[in-house]
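Each chain is listed here by its residues.
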Amino acid sequence: MPKAFICGCAGLALTPEEHSFFRAADPWGLILFKRNVDDADQIRALTRSFRACVGRADAPVLIDQEGGRVQRMGPPRWRTYPAAAALEAALPEGEAEAAARLTGRLIADDLNAVGITVDCAPVLDVAQVETHAAIGSRAYSQRPERVAAMAGAFAAGLLAGGVLPVIKHIPGHGRARSDSHYELPVVHATREELERDFAPFAALRDLPIAMTAHVVYRALDPARPATTSPVVVRDIMRGEIGYEGLIMSDDVSMKALSGSYEKRAKAIFDAGLDLVLHCNGDLDQARAVASASDELSGEALRRAERALAARRPPEELDKREMEANFAAIMARLAG
């Protein structure tokens, strides 16, 4: 069985050292970033190479392709997709959901064509007036019910295109006033206020994969971020929200977490998460994460198998019509 972690690689192709590492460590999946992206042929070769290393034709390959400023595959080889907030701001209800679904469907088409099977999107965080720019326009709305509707439509588009969505950042990153890439955000909202942030995740709890928030919620666990808090994982994610799917951490190399990489990974597993995510392609760090990761087994393995089983062959699409509809949407967003 594969080990319970996902990791990145350094460049456009796997190095001999990375080949050896992936073959020996057998991570569940690979995640790609802009540093790993040139053109379609190159990405196809990279995804094939990873799957050959681990010996699993269905080994997940992930990417963050949300639209807006979080888009690893972009111009000139791929179209620009709108930020989540732009759709809700410019289009009336009904049309906004249709635009979100179309965006997801076209992104899925791009990803499928190069062997990427998992998109770390949509963002279910509820925006606040004070929401840090790290989330910002990545959030669909300040209204939980609109976040759920828009994100659900985007996820449906991905699934229709044969790509698995990852809902993030459970249980909600919208109240954070700092960037977890660089420091640990602390949220002082009351338990009752936080329930508003949980609502989109509860509404979409049937989706197959979720990613956590590196955020401390004082009302839930005053000391530990959600990613490493057994209380938040057990009582909120699995309990109140009712999420039964596969839960992966956000990037373990973000500065919101501290300690050695072995200790970070161990704390994540001890909290009850299924997978650790390591993104930056640093092979020494990846080895440390791998050393703390066991083979997938038990309920974590069953969740991983259910997640992969949720992926279906892409539905037929009239690409010319969909691209014309998308162009019309982008023209409206441009004003």
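Higher on the page you've got the structure.
Residues numbered from 1 in each chain as written. Predicted model: local features only at pLDDT ≥ 70, side-chain atom pairs only at ≥ 80, totals over all residues. Heavy atoms only, no water.

Side note on the packing of aromatic side chains
Thinking step 1. One pass over the structure, following the stated rule, counts four aromatic pairs.
Thinking step 2. Look at Phe22 and Phe50: their rings are 5.4 Å apart centre to centre, the planes differ by 85°, and that puts the pair in the edge-to-face class. You can see Phe22 sitting in helix H1 (residues 16-25) and its partner Phe50 sitting in helix H2 (residues 40-54), a full 28 residues away along the chain.
Thinking step 3. Here Phe22 falls in the buried class, since its relative accessible area comes to 1%.
Thinking step 4. Looking at Phe50, the relative accessible area reads 0%, which means it is buried.
Thinking step 5. Members of the aromatic cluster, each reached through a chain of ring pairs, are Phe5, Phe21, Phe22 and Phe50.
Thinking step 6. The ring of Phe326 is capped by Arg79, whose NZ or CZ atom sits 5.8 Å from the centre of that ring. (Phe/Tyr/Trp six-rings, centres within 6.5 Å; stacked < 30°, edge-to-face > 60°. Helix = DSSP H or I, 4+ residues; strand = E, 2+ residues; numbered from the N terminus. Buried < 20%, exposed > 50% of the residue type's maximum accessible area, 1.4 Å probe, protein only. Lys NZ or Arg CZ within 6 Å of the ring centre and 35° of its normal.)

Looking at the pattern of salt bridges
Thinking step 1. Here the structure, examined in full by the defined rule, presents 30 salt bridges.
Thinking step 2. Across the salt bridge formed by Arg287 and Glu17, the nearest N and O atoms sit 2.9 Å from each other. Pair noted here: Arg287 is in helix H9 (residues 283-291) and Glu17 is in helix H1, with a separation of 270 residues, a long-range link.
Thinking step 3. Its relative accessible area of 34% is what places Arg287 among the partly exposed residues.
Thinking step 4. Taking the relative accessible area as the measure of exposure, Glu17 reaches 46% and is therefore partly exposed.
Thinking step 5. Across the pair Arg72 and Asp64 runs a salt bridge whose closest N-O atoms are separated by 3.5 Å.
Thinking step 6. Several salt bridges converge on common partners, so that one network encompasses Glu88, Glu93, Glu97, Arg143, Glu145 and Arg146. (Salt bridge = Lys/Arg side-chain N within 4 Å of Asp/Glu carboxyl O.)

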